[in-house]
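# Remarks on the overall topology
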Amino acid sequence: MRGAVLYAPGDVRVEDRPDPTIEQPTDAVIRLAATCVCGTDLWPYRGIQQITEPRPMGHEYVGIVEEVGSAVRTVRPGQFVVGSFFASDNTCEICRAGYHTHCIHRQLASPTGAQAEYARITLADGTLVATPDMPTEDLIPSLLAASDVLGTGWFGAVAAQVGPGKTVAVVGDGAVGLLGVLAAKQLGAQRIIAMSRHVPRQKLALEFGATDIVTERGDEGVARIKELTNGLGAHSVIEAVGTQESMMQAIRSTRASGHLGYVGVAHGVELPGDALFFSGVHLHGGPAPVRRFLPELIELIYNGTIDPGKVFDLTLPLEQAADGYRAMDERRAVKTLLRP
């Protein structure tokens, strides 16, 4: 098969790789209908996260089941499936509490890399969710978004206790932040403030449900949020970047008694104890338990309530994966969809 491999910062190659096979009785092999480049893929691409050897890339996927292991019971060959980036058994005590990314048996769902023609999915019974039927072509981008960025934005909103009547601020205008806006809208937020400096992303945020756009960052961004909220800050804040600046901006934009959901993968974040102690803010987040939300998200996509696939603003064949990385790195694209 053909698959994308990162050799060094800025060096993505699509090359021949071994076809994945069933290695454990709980595995499934799927033929990918679509995959994509994630914002977290840019950390090693930019050299911020070190790589020591060539790495198969990709963890977001939708496709058709080709083969299943002898222990798999909930999906079968021929079904179209969506899965999470972490594999889980969906039965352990932690999974039953809704935190599949902390499953006691968790592992990477696509160890062979999902930016490819085929992928081996581990713990298939607990990780994959079949769609009601074979989706039409127009639904595939939205179902792909559910595999990570939609589920992650949704968890950010849930962790931030978004609900009717609340004011929500979203720090970060990448795919996760934009879909955090969509989630906040669906969960009934009264006011949604998107923090963004980029006009195309601002337009998409407004389309997804934002009521206000704040272009300032840092101290100025916090001041603007306070100005829009009678000096108090937002009830709920979604942090979708993962840097020191974004985290502190998010904490300081949340009112005392408010909730902050952080889903940006943290890099170099160190939280000062005194700022936390005196903030009066509830913090909750981490890697999103996407599997928890997949049945609901698939239903919302199928019935036309949400269209998260709009977050993909560049579609390329898999062979041009390097161009997709470059476009996102240079902020010429929000998110690149790859067609195997």
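The structure contained in this document is the topic of the report that follows. (Residues numbered from 1 in each chain as written. Predicted model: local features only at pLDDT ≥ 70, side-chain atom pairs only at ≥ 80, totals over all residues. Heavy atoms only, no water.)

## Things to note about the overall build of the protein chain
Rule in force here: Only DSSP runs of H or I covering at least 4 residues are called helices, and only runs of E covering at least 2 are called strands; the numbering of each starts at the N terminus. Here the globule rule reads 2.2 Å times residues to the power 0.38, and the radius of gyration is calculated from C-alpha atoms. Remark: exposure states derive from per-residue accessible area (1.4 Å probe, protein chains only) relative to the maximum for the residue type, with buried under 20%, exposed over 50%, and partly exposed in between. Here, two residues are considered to be in contact whenever any of their heavy atoms come within 4.5 Å of each other. When charges are counted, Lys and Arg contribute as positive and Asp and Glu as negative, whereas His and the chain ends are disregarded. A charge is said to be at NZ when it belongs to Lys, at CZ for Arg, at CG for Asp and at CD for Glu.
A count of helical and extended segments in the protein chain gives 12 helices and 18 strands. Relative to the 2.2 N^0.38 estimate, which gives 20 Å for 340 residues, the radius of gyration of the protein chain is 19 Å and therefore close to what a compact globule would have. Considering the protein chain as a whole, with its 340 residues, one finds that 56% of them fall into the buried category. In the protein chain, once contacts between residues fewer than 6 apart in sequence are set aside, the share between residues at least 24 apart is 67%. Between the centroid of the 30 positive side chains of the protein chain and the centroid of its 38 negative side chains there is a distance of 4 Å.

## Quick look at the sheet that holds strand β16 (residues 282-285)
Which entries qualify depends on this criterion: Here, a strand pair is defined by DSSP locating no fewer than two bridges between the strands. Here, axes are lines fitted to C-alpha atoms. For helices the fit covers the stretch in contact, and angles between N-to-C directions go from 0 to 180 degrees.
If you trace the six strands from one edge of the open sheet to the other, you get β13-β12-β11-β14-β15-β16, paired in parallel fashion. Looking at which strands have only one partner, the edges of the open sheet turn out to be β13 (212-214) and β16. Going across the sheet, the axis of each strand differs from the next one's by a mean of 20 degrees, ignoring polarity. Sheet analysis places strand β15 (residues 254-262) next to β16, joined by four bridges and oriented parallel. Opposite Tyr262, over in β16, you have Gly285 as the bridge partner. Taken strand by strand, helix α6 (residues 175-186) contacts β11 (167-171), β12 (191-195) and β14 (234-239), and its axis lies near 175 degrees from that of β12.

## Structural notes on helix α7 (residues 199-208)
Our working definition: The arc in question is traced by the directions running from the helix axis to the C-beta atoms.
Those residues of α7 that sit buried are Arg201, Gln202, Leu204, Ala205 and Phe208. With its buried residues spanning 165 degrees around the axis, α7 presents them on a single face. Exposed and oriented more than 90 degrees from the buried face of α7 are Pro200 and Lys203. Buried residues in α7 make contact with α6, β12 and β13.

## Quick notes on the side chain of Arg201
Note on placement: Arg201 falls in helix α7. If we ignore the near neighbours within four places in the chain, the residues touching Arg201 are Asp173, Gly174, Leu178, Ser196, Arg331, Ala333 and Val334.

## What to know about the pattern of salt bridges
Threshold: Put simply, a salt bridge is a Lys or Arg side-chain nitrogen that is within 4 Å of an Asp or Glu carboxyl oxygen.
Within this structure, the stated rule accounts for 17 salt bridges. A salt bridge links Arg332 to Glu330, with the shortest nitrogen-to-oxygen separation between them at 2.8 Å. Connected through salt bridges with shared partners, the residues Arg2, Asp16 and Glu319 form a single ionic network.

## Some thoughts on the packing of α6 against α7
The condition that has to hold: By the definition adopted for this analysis, an angle is roughly parallel if under 35 degrees, roughly antiparallel if over 145, roughly perpendicular if from 65 to 115, and oblique otherwise. Left-handed describes a crossing in which the near helix is turned anticlockwise from the far one by less than a right angle; the clockwise case is right-handed.
Viewed as axis vectors pointing N to C, α6 and α7 meet at an angle of 15 degrees, and their least axial separation amounts to 8 Å. As judged from the angle between their axes, α6 and α7 are roughly parallel. Handedness of the α6/α7 crossing: right-handed. Contacts between α6 and α7 involve Leu178, Leu179, Val181, Leu182 and Lys185 from the first element and Arg201, Leu204, Ala205 and Phe208 from the second.

## A look at the nonpolar core
Note the following rule: Grouping buried Ala, Val, Leu, Ile, Met, Phe, Trp, Tyr and Cys residues that are joined through side-chain atoms within 4.5 Å yields what is termed a nonpolar core.
Counting 56 residues, the largest nonpolar core has Val62, Leu143, Leu150, Trp154 and Leu179 as the members making the most contacts within it. Counting residues per element, this core draws most heavily on α6, which supplies eight residues. Not counting the four nearest positions on each side in its chain, Val62 is found in contact with Arg31, Leu32, Ala33, Ala34, Phe80, Val81, Val82, Ile140, Leu143 and Leu144. Ranked by size, the runner-up nonpolar core spans 18 residues in total, among them Leu42, Ala322, Tyr325 and Leu338.

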